[in-house]
Amino acid sequence: SQTIHQWPATLVQPVGSPLSLECTVEGTSNPNLYWYRQAAGRGLQLLFYSVGIGQISSEVPQNLSASRPQDRQFILSSKKLLLSDSGFYLCAWRGAHEQYFGPGTRLTVT
Amino acid sequence: AQSVTQPDIHITVSEGASLELRCNYSYGATPYLFWYVQSPGQGLQLLLKYFSGDTLVQGIKGFEAEFKRSQSSFNLRKPSVHWSDAAEYFCAVGADSWGKLQFGAGTQVVVTP
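In this text the structure is predicted, and so the values were computed from the model without any measurement.

## Digging into the pairing of strand β3 (residues 19-26) of chain A
Residue and element names in this part refer to chain A.
Step number 1: Side chains Leu19, Leu21, Cys23 and Val25 project from β3 onto a buried face, and the interleaved Ser20, Glu22, Thr24 and Glu26 project onto a face without burial.
Step number 2: Sheet topology note: the strand β1 (residues 3-7)/β3 ladder contains 5 bridges and is antiparallel. When the bridges of β3 are listed, Trp7 appears paired with Glu22.
Step number 3: Bridge count between β3 and strand β8 (residues 73-78): 6 bridges; the pairing is antiparallel. Looking at β8, one finds that Ser20 is bridged to Ser77.

Next comes the structure, spelled out in structure tokens:
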């Protein structure tokens, strides 16, 4: 069966520091992958999606970037964090048409 | 413009009572439709999905949803809620070849004894 992992589970970082969040999927090959952010009291915002290795599409201009160095690995990065980057970051992979979500990473920028 | 609307931000329901969560969408064609549930601090779990066919869809945890094309709605129901159903519920629609989903703002469900 398929599983999706996100690392780390929680992170507290100072403003201006770099960021790297990792998402890995097991049990499926060449999945479409997605990064979402959920800010406090708000819904889900799609940040990036990827249909294959090295293929990244950005949905919202921002301080973040994404990369897909391997088939089942999706990384969210930033060179310098802003306070507004705080939130709950979710990774998902696509099944037939539905998406399956990881457990999320809680990022607090101080 | 494409949109997904969950009119109820917050619903309080007594344990054992029935629950209905509303979802309306605005898309050019019938999209794929989903309901997800999120417990505090957790990821989203897929409750059910509608692609085509029977408009009444059964999901996990005793939930069902009905697609009504004429009303552009996909409402979620449960006949008798349990305290463990307290969570946030998201309606989502998908209509493009990249598999992107658009989510509603969510409905917070509180279950009282």
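## What about the interface of chain B and chain A?
Step number 1: Listed as interface residues are 19 residues of chain B and, on the opposing side, 21 residues of chain A.
Step number 2: Taken together, both faces of the contact between chain B and chain A bury some 1600 Å²; the carbon and sulfur share is 60%.
Step number 3: Per-residue buried area on chain B facing chain A is highest for Leu44(B), Trp98(B) and Lys100(B); these three make up 30% of the total on that side.
Step number 4: A salt bridge links Glu59(A) to Lys100(B); the nearest nitrogen and oxygen atoms lie 3.3 Å apart.
Step number 5: Where chain B packs against chain A, one counts 10 residue pairs in polar contact (both at pLDDT 80 or more).
Step number 6: Those elements giving two or more residues to the side of chain B that touches chain A turn out to be β5 (32-38), β6 (44-50) and β11 (101-103) of chain B.
Step number 7: The element best represented in the side of chain B that touches chain A is β5(B), accounting for 4 residues.

## Observations regarding the side chain of Asn75(B)
All names here are of chain B.
Step number 1: Mapped onto the fold, Asn75 is located in strand β9 (residues 73-78).
Step number 2: Its relative accessible area of 15% is what places Asn75 among the buried residues.
Step number 3: A polar side-chain atom of Asn75 sits 3.0 Å from the main-chain amide nitrogen of Cys23.
Step number 4: Residues within four places of Asn75 in sequence aside, it is in contact with Glu20, Leu21, Arg22, Cys23, Trp35, Glu64, Ala65 and Glu66.

## A word on the state of the cysteines
Residue and element names in this part refer to chain B.
Step number 1: Tallying each qualifying case throughout the model produces 2 disulfides over all chains.
Step number 2: Put simply, Cys23 and Cys91 are joined by a disulfide, and their sulfur atoms are 1.9 Å apart. Its torsion about the S-S bond being -65 degrees, the disulfide of Cys23 and Cys91 is classed as left-handed. With Cys23 in the loop between β3 (19-21) and β4 (24-26) and Cys91 in strand β10 (residues 87-94), the pair connects residues that are 68 residues apart, well separated along the chain.
Step number 3: The exposure class assigned to Cys23 is buried, which follows from its relative accessible area of 0%.

## Observations regarding the pairing of strand β12 (residues 107-112) of chain B
Each regular strand carries side chains that alternate between the two faces of the sheet.
Residue and element names in this part refer to chain B.
Step number 1: Of the two faces of β12, the one holding Thr107, Val109 and Val111 is buried and the one holding Gln108, Val110 and Thr112 is not buried anywhere.
Step number 2: In terms of strand pairing, strand β2 (residues 10-14) meets β12 through 5 bridges, oriented parallel. Along β12, the bridge assignment pairs Val13 with Val111.
Step number 3: In terms of strand pairing, β10 meets β12 through 3 bridges, oriented antiparallel. Across the sheet, residue Glu88 finds its bridge partner in β12, namely Gln108.

The rules behind these values
Residues numbered from 1 in each chain as written. Chains lettered and ligands numbered in written order. Predicted model: local features only at pLDDT ≥ 70, side-chain atom pairs only at ≥ 80, totals over all residues. Heavy atoms only, no water. Buried < 20%, exposed > 50% of the residue type's maximum accessible area, 1.4 Å probe, protein only. Helix = DSSP H or I, 4+ residues; strand = E, 2+ residues; numbered from the N terminus. Pairing = 2+ DSSP bridges. Contact = heavy atoms within 4.5 Å. Buried area = accessible area lost by both parts, 1.4 Å probe. Salt bridge = Lys/Arg side-chain N within 4 Å of Asp/Glu carboxyl O. Polar contact = N/O pair within 3.5 Å; in protein donor to acceptor, adjacent residues only side chain to side chain. Disulfide = S-S within 2.5 Å.

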